[in-house]
2 protein chains.
Amino acid sequence: MTAITDKDLYPEKNRVPPATQTIDLPGDYGTGDLVLRRGGKLRDVVVAYESWGDLNDNHDNVILILTGLSASAHACSSEADPTPGWWEYMIGSGKAIDTDRFHVICVNALGGCFGTTGPSSINPETNKPYGLDFPEVTIEDIAKAAHHALVEMGIEHLHAVIGASMGGMTALAYALQYPEEVCHLVSISAAARALPFTIAMRSLQREIVRNDPKWQGGYYDTNQEPKQGMLMARKLGLMSYRAADEWHQRFDRARIATDKKSDEPFGVEFEIESYLDYNAHKFSELFDANSYLYLSRAMDLFDAADHGGTVNAGLSKILALKTLVIGVPTDILFPVEQQRDIAEGLRKSGRHVEYKELDSIYGHDSFLIDKDRFVPVIREFLDNTECQAP
Amino acid sequence: MTAITDKDLYPEKNRVPPATQTIDLPGDYGTGDLVLRRGGKLRDVVVAYESWGDLNDNHDNVILILTGLSASAHACSSEADPTPGWWEYMIGSGKAIDTDRFHVICVNALGGCFGTTGPSSINPETNKPYGLDFPEVTIEDIAKAAHHALVEMGIEHLHAVIGASMGGMTALAYALQYPEEVCHLVSISAAARALPFTIAMRSLQREIVRNDPKWQGGYYDTNQEPKQGMLMARKLGLMSYRAADEWHQRFDRARIATDKKSDEPFGVEFEIESYLDYNAHKFSELFDANSYLYLSRAMDLFDAADHGGTVNAGLSKILALKTLVIGVPTDILFPVEQQRDIAEGLRKSGRHVEYKELDSIYGHDSFLIDKDRFVPVIREFLDNTECQAP
């Protein structure tokens, strides 16, 4: 295929979207240090976020959106950044997550690379990027950093916390850790604990990145990033995010045009190979390799059972008035059985649970694509929520 | 985890099992050259095989077993090699494929590395391994080489051809290309054409191997093989061969013992990671990287529609008296819909088809493991077959 240059994709490599703002965290008890679950600590953490809609006087109309692995805080366009966000169809004036009613905040995950402190950030102790000196991050820590950011903004009460994929895990962790502050919870294609097939998928992605010679044991030069490893890891990710039937319908056995073929042995011949190449390339050019490793590992480590001995005991810490759990049967990465487990666990501890399985063909990525199926469900749920700060 | 050394696994690296025999092919029309479907040709091809049971006087009690990607011709033990073969439970005296009745021959695939000519064989023109000078191989060529080998043995009539996975594709290709010679056909977890998800899986495996610096553009030193690339590619293969539920039942979130942990960052922590490492390591030590690339690509290229315009027109060339098609619903690589397509295609052209879906938890690999489900089906089918040479 014809080579895609960086220039085509990103005229200037700038990971932080233009409307993203940052907030400095004071650390635990104002010490400047955010103490992490697996023993590490981080000094002077910065959290990146975007927001839409007005905060009301009671500060009780806030919806917090937590992101998947690869998403920035730019979930939706705004005057400051009119480019469509990753959940553009869902958030906005009159949309399912209605910014006429809610003050919507999307936070970039701790350990990520879109403005929140992560392994590519400068380590204040060395004035170089952290690399592998970055401490191990868990889903609980990601929720904690988001929580500290909201406290700094003067928000101590959430109308709802909403997340899909890693964001759904983070939403569960948030609601577990700050139960009194979460009025409603929406968990989409998430997991209360990572299971072996998914761990294996992610573990191999990490191994592929680590084996790129340019990874350099985690201390790579920012001009010499392990992009080939990231490209292949992302292809594997994409395979796990989508469903075989959709690709069958879309690509079947279509070949790329002869003039686009490379001379490379065993190079791209089928459209599906070209599609993966194109999409994974976009990601590998943008995303920091170490952020990928840290966030990927964080998902493996997550287990609600760590919060009470069993998954259900962990989930029973959640006190939200109403919860909405959404699963997609074509999802092979966060399978629908895991969504049923979340719904069942919440029900067992007396939560009001609305459980929906959406007949979407896009696998794990359905929430990003399938507007027609996701909008009515989220809209109806939020329309029937009401909650005031205590 | 503790390091596994080559020595633990293979005291001496010798890819060809001890009971494997070889036969020299005379080439097309005795020219010495085997002409291949995509335009290449191979001189002085050797085919490796093993056999069990006696050939009868009519030479019409032969069952040909065609192998999956990674299997040698050692499907079953014998006096000459008492180690269990890869289908030990299925083949033998009194077993489902009964060597008291049948002369069973298992052939190593063209392009492989267990004795049949492949890219690691010596190129007679250069006296060096072929490497990427090996011509492109298709499933049809693999069937052709097996056919030529049988002709050389004086066998021109098969009681049955049986194959699973790539071997099932090869069995279809064999029955398509030599319809008058195949009395019965057993296709297990095969495909009449490769579909995009499976192509994507294999394409990424190849890309991982090709990006191992030791691959050296395909002309690696046999003492410096791209084992790390093969290790990772095989892990991906293993993930596609098994089913998520089995791993869930078997491993759940079990951790490896603390004293087995390596200090490597992002190293193995969960049992599932250790299991994959161990199993992929065995393979990466043994299998030739270029053979892997060639055979993997051959599967992508296979499409019965190339033999008549549509898949069904291609399948209609098969003239076997009875056929058995087996699928496994937990198989994500060669999904059960593809098995139904094969059965339906054969039925449409008037073949007698027995179609079985086996409720096995082992995914694509079920035929290698699930004796209790596979034995009765194969036994019953073969017990009810009768066929004499014309």
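For clarity, every value in this text was computed on a predicted model and none was experimentally measured.

Novice: Which parts of the structure should I look at to understand the overall build of chain A?
Specialist: Helix and strand counts for chain A come out as 12 helices and 14 strands. Computed over C-alpha atoms, the radius of gyration of chain A comes to 20 Å, within 12% of the 21 Å expected from 2.2 N^0.38 for 390 residues, which places it in the range of a compact globule. Principal-axis analysis of the C-alpha atoms gives chain A an extent of 65 × 50 × 45 Å. A buried classification covers 56% of the 390 residues belonging to chain A. Within chain A, residue pairs in contact and separated by at least 24 positions form 73% of the contacts whose partners lie at least 6 positions apart.

Novice: How should I be thinking about the relation of the copies chain A and chain B in this particular structure?
Specialist: Least-squares fitting of chain A to chain B yields an RMSD of 0.0 Å, with the transformation described by 0.0 Å of translation along the axis and a rotation of 180°. In symmetry terms, the pair is related by a two-fold rotation axis.

Novice: Just checking my understanding: could you explain the domain arrangement of chain A for this structure?
Specialist: All names here are of chain A. Once the domains are mapped, chain A shows domain 1 (17-194 + 307-383) and domain 2 (199-295). Using C-alpha coordinates to define each centre, domain 1 is positioned 26 Å away from domain 2. Counting residues at the interface gives 24 residues for domain 1 and 18 residues for domain 2.

Novice: Please explain the interface of chain A and chain B as it appears in this structure.
Specialist: Interfaces are often sized by the accessible area lost when the parts come together. Listed as interface residues are 39 residues of chain A and, on the opposing side, 39 residues of chain B. Put simply, the parts of the chain that give the side of chain A that touches chain B at least two residues each are α4 (196-210), α5 (227-241), α6 (244-251), α7 (271-286) and α8 (289-301) of chain A. The biggest single contributor to the side of chain A that touches chain B is α4 of chain A, with 11 residues. Residues belonging to the side of chain A that touches chain B are distributed by class as follows: 23 nonpolar, five polar and 11 charged.

Novice: Honestly, the nonpolar core in this entry has me stumped. Any pointers?
Specialist: The tendency in soluble globular proteins is for nonpolar side chains to be buried as a group. Ranked by internal contacts, the top residues of the largest apolar core, which has 254 residues, are Leu 64, Ala 146 and Val 161 of chain A together with Leu 64, Ala 146 and Val 161 of chain B. With residues up to four places along the chain from it excluded, the contact list for Ala 146 of chain B reads Val 47, Leu 64, Leu 66, Val 107 and Tyr 174 of chain B.

Novice: What exactly am I supposed to notice about unusual backbone geometry here?
Specialist: Keep in mind that most residues, glycine aside, have a negative phi and that most peptide bonds are trans. Residues and elements named next belong to chain A. In this model, His 59 sits at a positive phi of 55°, which is unusual for a non-glycine residue. In this fold, His 59 is placed in the loop between β4 (46-52) and β5 (62-66). One non-glycine residue, Ser 165, adopts positive backbone phi at about 60°. When you line up the elements, Ser 165 lands in the loop between β11 (160-164) and α3 (166-177). Taking the number of C-beta atoms within 10 Å as the measure of exposure, Ser 165 has 26 and is therefore buried.

Novice: Can you help me understand the sheet that holds strand β13 (residues 322-327) of chain B in this one?
Specialist: Each strand in a sheet pairs with its neighbour through backbone hydrogen bonds, running either in the same direction (parallel) or in the opposite one (antiparallel). All names here are of chain B. Here eight strands make up an open sheet; going across it, the order is β1-β4-β8-β5-β11-β12-β13-β14 and the pairing mixed. Of all the strands in the sheet, just β1 (21-24) and β14 (352-357) have a single pairing partner and so form its edges. Averaged over all pairs of adjacent strands, the angle between their axes in this sheet comes to 20°, without regard to strand direction. Bridge count between strand β12 (residues 184-188) and β13: five bridges; the pairing is parallel. Across the sheet, Ser 187 pairs through a bridge with Val 325, a residue of β13. Across the sheet, helix α3 (residues 166-177) touches β5 (62-66), β11 (160-164) and β12, and the angle it forms with β11 is around 150°.

Novice: Which parts of the structure should I look at to understand the packing of helix α4 (residues 196-210) of chain B against helix α5 (residues 227-241) of chain B?
Specialist: All names here are of chain B. Taken N-terminus to C-terminus, the directions of α4 and α5 make an angle of 165°; their axes are 7 Å apart at the nearest point. When the axis of α4 is compared with that of α5, the two are roughly antiparallel. Here α4 runs over α5; the crossing is right-handed. Only Gly 229, Met 230, Met 232, Ala 233, Leu 236, Gly 237 and Ser 240 of α5 make contact with α4, whose side of the interface consists of Met 201, Leu 204, Gln 205, Ile 208 and Val 209. Class assignment of the residues belonging to the contact of α4 with α5 gives a composition of eight nonpolar, four polar and no charged.

Novice: Please clarify how the pairing of β11 of chain B should be interpreted in this entry.
Specialist: For a regular strand, side chains alternate in direction, first toward one face of the sheet and then toward the other. All names here are of chain B. Among the five residues in β11, five count as buried, and that is most of the element. Because side chains alternate across β11, one face comprises the buried residues Ala 160, Ile 162 and Ala 164, and the other comprises Val 161 and Gly 163, equally buried. Here four bridges tie β5 to β11, and the two strands are oriented parallel to one another. Across the sheet, Ile 63 pairs through a bridge with Ala 160, a residue of β11. Bridging between β11 and β12 involves four bridges; their strand directions are parallel. When the bridges of β12 are listed, Ile 162 appears paired with Val 186. Handedness of the crossover is the feature at issue here: the chain leaves β11, passes through α3, returns alongside β12, and the resulting connection is right-handed.

Novice: Teacher, can you tell me more about the sheet that holds strand β12 (residues 184-188) of chain A here?
Specialist: Residue and element names in this part refer to chain A. The sheet built from eight strands is open, its strands ordered β1-β4-β8-β5-β11-β12-β13-β14 with mixed pairing. This sheet does not close on itself; its edge strands, each paired only once, are β1 (21-24) and β14 (352-357). The mean angle between the axes of side-by-side strands here comes to 20°, regardless of whether they run parallel or antiparallel. In this sheet, β14 lies alongside strand β13 (residues 322-327) in parallel orientation, the contact comprising six bridges. Bridge pairing in β14 places Lys 322 opposite His 352.

Novice: Just checking my understanding: could you explain helix α8 (residues 289-301) of chain B for this structure?
Specialist: Residues separated by three or four positions in an α-helix point in the same direction, a consequence of the helix having 3.6 residues per turn. When the terminal C-alpha atoms of α8 of chain B are compared, their 19 Å separation across 13 residues agrees well with the 18 Å that a helix rising 1.5 Å per residue should span. By the criterion of burial, α8 of chain B is predominantly enclosed, with 13 of the 13 residues buried.

Novice: What exactly am I supposed to notice about the packing of α7 of chain A against α4 of chain B here?
Specialist: What describes two packed helices is the angle between their axes and the distance between those same axes. Taken N-terminus to C-terminus, the directions of α7 of chain A and α4 of chain B make an angle of 60°; their axes are 9 Å apart at the nearest point. Taken together, α7 of chain A and α4 of chain B sit at an angle that is classed as oblique. Considering the relative orientation of α7 of chain A and α4 of chain B, their crossing is right-handed. Within the contact between the two elements, α7 of chain A uses Ile 272, Glu 273 and Leu 276 of chain A and α4 of chain B uses Pro 196, Ile 199, Ala 200 and Ser 203 of chain B.

Novice: Can you walk me through the environment of Leu 158 of chain A in this structure?
Specialist: Residues and elements named next belong to chain A. Here Leu 158 is to be found in the loop between α2 (139-152) and β11. Note on Leu 158: 26 C-beta atoms within 10 Å, which makes it buried. Each C-alpha atom of the pair Leu 158 and Cys 183 lies 6.0 Å from the other, and the pair is 25 residues apart in sequence. Discounting chain neighbours no more than four positions away, the residues touching Leu 158 are Val 62, Leu 64, Glu 181, Val 182 and Cys 183.

Novice: Teacher, can you tell me more about the environment of Tyr 219 of chain A here?
Specialist: Turning to its location among the elements, Tyr 219 of chain A is positioned in the loop between α4 and α5. With 13 C-beta atoms counted inside 10 Å, the residue Tyr 219 of chain A sits in the partly exposed group.

What counts as what
- Residues numbered from 1 in each chain as written.
- Chains lettered and ligands numbered in written order.
- Predicted model: local features only at pLDDT ≥ 70, side-chain atom pairs only at ≥ 80, totals over all residues.
- Helix = DSSP H or I, 4+ residues; strand = E, 2+ residues; numbered from the N terminus.
- Rg over C-alpha atoms; globule rule 2.2 N^0.38 Å.
- Buried ≥ 20, exposed ≤ 12 C-beta atoms within 10 Å, placed from the backbone.
- Contact = placed C-beta atoms within 7 Å.
- Least-squares fit on C-alpha atoms with pLDDT ≥ 70 in both.
- Domains from an automatic or database assignment.
- Nonpolar A, V, L, I, M, F, W, Y, C, P; charged D, E, K, R; others polar.
- Core = buried A, V, L, I, M, F, W, Y, C linked by C-beta atoms within 7 Å.
- Pairing = 2+ DSSP bridges.
- Axes fitted to C-alpha atoms, helices over the stretch in contact; angles between N-to-C directions.
- Parallel < 35°, antiparallel > 145°, perpendicular 65-115°, else oblique.
- Left-handed = near helix turned anticlockwise from the far one by under 90°.
- Right-handed = clockwise from strand over helix to strand, strands pointing away.
- Expected span 1.5 Å × (residues − 1).

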